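One-letter residues, chain by chain:
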Amino acid sequence: MTTSAAELKPASASRAMALPSARRLLLWTGLAVLIAWVLVPIYLVALGAFGGRLGVFRWPKSIWPADLSFAAMSQFLAIEGVFNALVNSLIAAGLTVVFSIALGAPAGYALARYTFRGQNAYRLLVLLTRAFPLAILALPLTVSFIRLGLYDTPFGVSLIHTVLALPFAALVTQSLFMGIPREYEEAAWVFGCTRFQAFMKVVLPLALPGLAATAIFAFVISWNEVFAASILTVRERTLTAYLLRILAESPLHYRFAGGFILIIPSVLFIFAVRRYLFAVWGIASK
Amino acid sequence: MPARTSWIPYALIAPSVVFLSALFLVPLVQTVWLSFSAGEGLSLENYQRMAGDLNFALAIKNTFLLTLVVVPLQVVLALGMATMVTKLDKGRDLVLWVLTIPLGISDLAAGLAWLALLQNTGYLNSALYALGLIQGPTGWLSQETPVALFFAIVLAELWRATAIVLVILIAGLQLIPKEFAEAAEIFGAKPWTRFTRITLPLLKPSLQSALILRTVLAFEVFAVVYALGGRNFPVLAGEAYVWQNDNQNYGVAAAYAVLIMAISLAATALYLRVMRTRPEQLP
């Protein structure tokens, strides 16, 4: 009877159960070490961010939080330029989301639903972007952006960030739309919808969660990008560009405060898209 | 799929083609052009200035050394993580979420997080002090301790960018049919044999993607290094940034950019060739 119960379990579960206890202990020890390895630096930078000037120089340090306060963080946010940089980061990332979805999703839909001449050339163009360090392209763009009045604007930064996020958005939405049966759309046509109406009423609602995940990835890509943002801005810096610029002369506790502010949204975003992470990257890495 | 080709797909891809042409292909050509132009006409002047720069040889050495150490370690570490996670039945999602958190963290923030740990009065030194190994606050990230600084950067890079390899490999593992390993198990193959004979070969396309992506990004490494060591550890992308922003010399910055692109392309071509997979080898 016990054997039949074991057979009913999925293969992976029965294999895990079959692991001898010593090996299970080893497995969980290994995982605990890895989890600590990921979380400890985040915890320590948080202590640095809330410990203030005195906390940074306390010696020797204790890994337990002691006299933490929001004072250090609010001081950091009150520095001239920090709030502006935060707003610029949000604007640039927001625009990157809009552009990469607006340009990438139609392309993904075309790749998923049509066979057309030049399809492979287009795919090659998208894949080619993978072989280049794209942020470097900000160098020549400085000159053109100055001429066009795009230099030192979050809009200009978002354009180069869209180059980073767009190929990703096109590939991911392609597979997203391939996963939605074409018959649904055809049924809507039969009932008198135009192609556009059919797309809006049938396909879009089904694609929405995946599109949201793609949007979050585009946001993170822009939020985190340092090189291009630093090259393309002087006064209207993004948070990363601002931090990079003040890095050499700013006191340690301000650096930690900045680092902590950069980390928090990222952690939340990864949590929000955790279900899509593997599907999305499985496709994007093709 | 409709048999006739209509104008619709072209209308759908046109905006992104225009965009990528304007902001990917044009700047690509411009970078190359910029790097060869000095005064009037074409010359190698920018490249000569780049090669003659004090930091140039060091930047090349550092960037290559970092890539050669970090990328293979990341692949091994990610393979280990992926294998461990697939053995889990409970708490798998939670563990995976935690392990992939660094994916969302910027290189700058990662550098700052490790700075909290490694700075003079930081937590590592406190621990070493408690163990009686050092007398007081000790600097690891200065010019006088290049080896320690190198290892600090390696640690921060491993911390930050192993998650992306892990995600790509797990996505790849999910595509391998379970029957293969089960069949091998029935024929008596040990875990290690199953791993090297079945999992690894079938994982080759994912490994290739991960390697290309990570190598290209590793040659672009910059903010982690800057956050931890300032300019004590010159790397190629950092030099490009300095020439552009501090020295206001776009030509030499472009020469650095072209060099980084050339190395990235060569690495990509190498991976594509060495790790070629024939269609019949795929599951």
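Keep in mind the model is a prediction, meaning the values are calculated, not measured.

K.L.:
It is not clear to me how the overall build of chain A should be interpreted in this structure. Could you clarify?
P.N.:
Scanning chain A from terminus to terminus reveals 14 helices and 0 strands. Overall, chain A shows an N-to-C arrangement of helices and strands of α-α-α-α-α-α-α-α-α-α-α-α-α-α. Relative to the globule expectation of 19 Å for 286 residues, the C-alpha radius of gyration of chain A, 24 Å, shows a markedly less compact shape. For chain A, the spread of C-alpha atoms along the principal axes amounts to about 75 × 70 × 35 Å. If you take every contact in chain A between residues at least 6 apart in sequence, the share linking residues at least 24 apart comes to 74%.

K.L.:
Would you take a moment to explain the nonpolar core for this structure?
P.N.:
A general tendency of soluble globular proteins is for nonpolar side chains to be buried together. If you look at the biggest cluster of nonpolar residues, it comprises 193 residues, and the most contacted ones within it are Phe227 of chain A together with Leu66, Leu108 and Leu228 of chain B. Element by element, the count of residues in this core is highest for helix α7 (residues 146-173) of chain B, at 16 residues. Formed jointly, this core draws a minimum of three residues from each of two domains, domain 1 (2-57) and domain 2 (74-280) of chain A. Those residues in contact with Phe227 of chain A that sit more than four places away from it in its chain are Ala135, Ile136 and Leu139 of chain A together with Phe222, Ala237, Ala240 and Tyr241 of chain B.

K.L.:
How should I be thinking about the UniProt feature "transmembrane region" (unreviewed entry) in chain A in this particular structure?
P.N.:
Residues and elements named next belong to chain A. UniProt annotation of "transmembrane region" (unreviewed entry) refers to residues 25-50, 89-112, 124-146, 158-181, 202-223 and 252-273 when read in the numbering used here. Along residues 124-146 one finds 61% helix and 0% strand; the C-alpha atoms at either end are 31 Å apart. Between the first and last C-alpha atoms of residues 158-181 the distance is 34 Å; the span itself is 88% helix and 0% strand.

K.L.:
So what exactly am I meant to see when it comes to the packing of aromatic side chains here?
P.N.:
The description of an aromatic ring pair rests on the distance of the ring centres and on the angle between the ring planes. One pass over the full model with this rule turns up 25 aromatic pairs over all chains. Taking 6.2 Å as the distance between ring centres and 20° as the angle between the ring planes, the aromatic pair formed by Phe219 of chain A and Trp223 of chain A counts as stacked. Placement of both Phe219 of chain A and Trp223 of chain A in helix α10 (residues 195-224) is noted, with a separation of 4 residues, approximately one turn of the helix. Like Trp223 of chain A, Phe219 of chain A is buried. An aromatic cluster is present here, built from Phe227 of chain A together with Phe222, Tyr226 and Tyr241 of chain B joined pairwise through their rings.

K.L.:
Teacher, can you tell me more about a nonpolar patch on the surface here?
P.N.:
Residue and element names in this part refer to chain A. Taken together, the side chains of Tyr43, Ile63 and Trp64 present a nonpolar region at the surface, about 360 Å² in accessible area. Inspection of the secondary structure assignment puts Trp64 in the loop between α3 (21-57) and α4 (71-78). Residue Trp64 is classed as exposed on the basis of its relative accessible area, which comes to 62%.

K.L.:
What exactly am I supposed to notice about the UniProt feature "transmembrane region" (unreviewed entry) in chain B here?
P.N.:
With numbering matched to this structure, UniProt assigns "transmembrane region" (unreviewed entry) to residues 12-36, 56-82, 94-117, 147-171, 211-229 and 249-272 of chain B. Each end of residues 249-272 of chain B is marked by a C-alpha atom, and these two atoms are 35 Å apart; helix forms 96% of the span and strand 0%.

K.L.:
Just checking my understanding: could you explain the interface of chain A and chain B for this structure?
P.N.:
It is common to give the size of an interface as the accessible area lost on bringing the parts into contact. Chain A puts 94 residues into the contact, and the matching count from chain B is 97 residues. Regarding the contact of chain A and chain B, the summed buried area is about 8900 Å², with carbon and sulfur atoms giving 78% of it. For chain A, the biggest contributors to the area lost against chain B are Trp37, Trp59 and Phe278 of chain A; these three give 9% of the whole. Between the two partners, chain A and chain B, sit 1 salt bridge. The partner of Asp246 of chain B in a salt bridge is Arg245 of chain A, with the nearest N and O atoms 3.5 Å apart. Counting across the interface, chain A meets chain B through 9 residue pairs in polar contact (both at pLDDT 80 or more). Tallied by class, the residues present in the side of chain A that touches chain B amount to 66 nonpolar, 14 polar and 14 charged.

K.L.:
So what exactly am I meant to see when it comes to the UniProt feature "domain: ABC transmembrane type-1" (unreviewed entry) in chain B here?
P.N.:
Within the UniProt annotation, "domain: ABC transmembrane type-1" (unreviewed entry) is assigned to residues 60-271 of chain B. Spanning residues 60-271 of chain B, this segment combines 75% helix with 0% strand, and its end C-alpha atoms are found 20 Å apart.

K.L.:
Explain the confidence of the model for chain A to me, please; I cannot follow it from the model alone.
P.N.:
Low-pLDDT stretches of the model should not have their predicted coordinates read in fine detail. All names here are of chain A. For chain A, mean pLDDT is 86; residues scoring 70 or higher make up 91% of the total. Within chain A, helix α1 (residues 2-8) has the poorest average pLDDT of any element, 40, and helix α5 (residues 82-113) the best, 95. In the model, residues 1-14 has pLDDT below 50 throughout and makes 4 contacts with residues more than four positions away in sequence or in other chains.

K.L.:
Explain helix α7 (residues 138-148) of chain A to me, please; I cannot follow it from the model alone.
P.N.:
Counting along an α-helix, one turn takes 3.6 residues, and residues three or four places apart therefore face a common direction. Here α7 of chain A has its buried residues at Ala138, Leu139, Pro140, Leu141, Thr142, Ser144 and Phe145 of chain A. Among the structural elements, α8 (154-178) and α11 (227-232) of chain A together with α1 (8-36), α12 (236-245) and α13 (250-274) of chain B are those in contact with the buried residues of α7 of chain A. Following α7 of chain A by one or two positions, Gly149 of chain A adopts a phi angle in the positive range, close to 80°.

K.L.:
Looking at this model, I keep getting lost on the pattern of salt bridges. Mind explaining?
P.N.:
Any two side chains of opposite charge can pair, on the condition that their charged atoms come close. By the definition in use, this model includes 6 salt bridges over all chains. Through salt bridges with shared partners, a single network forms among Glu157, Arg160 and Arg214 of chain B.

K.L.:
Explain the UniProt feature "domain: ABC transmembrane type-1" (unreviewed entry) in chain A here, please?
P.N.:
Following the UniProt record, one finds the feature "domain: ABC transmembrane type-1" (unreviewed entry) at residues 86-273 of chain A. A helix fraction of 79% and a strand fraction of 0% characterise residues 86-273 of chain A, whose end C-alpha atoms lie 23 Å from each other.

K.L.:
What should I look at first to understand the side chain of Ser158 of chain A in this one?
P.N.:
Within the secondary structure, Ser158 of chain A is located in helix α8. Not counting residues within four places of it along the chain, the set of residues in contact with Ser158 of chain A comprises Ala92, Leu95, Thr96 and Phe99 of chain A.

The rules behind the values
Residues numbered from 1 in each chain as written. Chains lettered and ligands numbered in written order. Predicted model: local features only at pLDDT ≥ 70, side-chain atom pairs only at ≥ 80, totals over all residues. Heavy atoms only, no water. Helix = DSSP H or I, 4+ residues; strand = E, 2+ residues; numbered from the N terminus. Rg over C-alpha atoms; globule rule 2.2 N^0.38 Å. Contact = heavy atoms within 4.5 Å. Core = buried A, V, L, I, M, F, W, Y, C linked by side-chain atoms within 4.5 Å. Buried < 20%, exposed > 50% of the residue type's maximum accessible area, 1.4 Å probe, protein only. Domains from an automatic or database assignment. UniProt positions renumbered as here; feature names shortened; annotations may be inferred. Phe/Tyr/Trp six-rings, centres within 6.5 Å; stacked < 30°, edge-to-face > 60°. Patch = residues over 30% accessible without salt bridge, like charges linked within 9 Å, V, L, I, M, F, W, Y side chains within 5 Å. Areas by Shrake-Rupley, 256 points an atom, 1.4 Å probe, with all protein chains shown as cover. Salt bridge = Lys/Arg side-chain N within 4 Å of Asp/Glu carboxyl O. Buried area = accessible area lost by both parts, 1.4 Å probe. Polar contact = N/O pair within 3.5 Å; in protein donor to acceptor, adjacent residues only side chain to side chain. Nonpolar A, V, L, I, M, F, W, Y, C, P; charged D, E, K, R; others polar. pLDDT = per-residue confidence, 0-100.

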